[in-house]
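Below are the chains, spelled out letter by letter.
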Amino acid sequence: MKIIDGKRFKAVVCHHCPLCRHARKKPDSFIGRIIHQRHAEDCPSWQAEQDLYGKE
């Protein structure tokens, strides 16, 4: 069994979060703007996801 490090775990959580997925697919939507502008600055999972999977 492979142990997942903290950053990868946070990235996986964000990658599968329904709100974050919607924000990545539709950044100009209401939810997308909120997630990208306000949530992204404070969320360690969002930041880890962007580091591992690449920025938009």
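This write-up is about the structure you can find in this document. Sequence order sets the numbering: in each chain, residues are counted from 1 along the sequence as written. In view of the model being predicted, local features appear only for residues whose pLDDT reaches at least 70, and side-chain atom pairs are presented and counted only at 80 or more, with totals across whole chains, interfaces and linings using the full set of residues. The side-chain numbers reported here are obtained from all heavy atoms of the structure, hydrogens and water having been left aside.

## Quick notes on the pattern of salt bridges
Next, step 1: When a carboxyl oxygen of Asp or Glu is within 4 Å of a side-chain nitrogen of Lys or Arg, the pair counts as a salt bridge. If you walk through the whole model with that rule in mind, you get 2 salt bridges.
Next, step 2: Note that Lys7 is salt-bridged to Asp51, the shortest N-O span being 3.0 Å. Taken together, the residues Lys7 in helix 1 (residues 6-16) and Asp51 in helix 4 (residues 44-53) connect sequence positions 44 residues apart.
Next, step 3: We classify Asp51 as partly exposed; its relative accessible area is 46%.
Next, step 4: Across the salt bridge formed by Arg24 and Glu49, the nearest N and O atoms sit 3.8 Å from each other. A residue pair is termed long-range when its members are at least 10 positions apart, and Arg24 in helix 2 (residues 18-25) and Glu49 in helix 4 qualify at 25 residues. The pair formed by Arg24 and Glu49 is uniform in burial state, with each residue classed as buried. Helix and strand labels come from DSSP, where a helix needs a run of H or I of at least four residues and a strand needs a run of E of at least two; each type is numbered from the N terminus. Residue exposure (1.4 Å probe, protein chains only): buried if accessible area is under 20% of the type maximum, exposed if over 50%, otherwise partly exposed.

## Here we look at the packing of helix 3 (residues 30-42) against helix 4
Next, step 1: Close contact between helix 3 and helix 4 brings their axes to 5 Å; oriented N to C, the two are set at 100°. By the angle between their directions, the pair helix 3 and helix 4 is classed as roughly perpendicular. Residues Ile35, His36, Ala40, Glu41 and Asp42 of helix 3 form the contact with helix 4, whose own contacting residues are Pro44, Trp46 and Gln47.
Next, step 2: For the contact of helix 3 with helix 4, the class distribution of residues is 4 nonpolar, 2 polar and 2 charged. The axes are straight lines fitted to the C-alpha atoms, using for helices just the contacting stretch, and the angles between their N-to-C directions are given from 0 to 180°. Angles are sorted into four bins: roughly parallel if under 35 degrees, roughly antiparallel if over 145, roughly perpendicular if 65 to 115, and oblique for all others. Whether two residues are in contact is decided by their heavy atoms: any pair within 4.5 Å suffices. Nonpolar residues are Ala, Val, Leu, Ile, Met, Phe, Trp, Tyr, Cys and Pro. Charged residues are Asp, Glu, Lys and Arg, and all others, Gly as well, are polar.

## Points about the side chain of Glu49
Next, step 1: Judged by relative accessible area, Glu49 falls into the buried class, the value being 2%.
Next, step 2: Look past the residues within four positions of Glu49 in its chain and what remains in contact with it is Ala11, Cys14, His15, Arg24 and Gly54.

Functional significance is not addressed by these values, which are geometric in nature.
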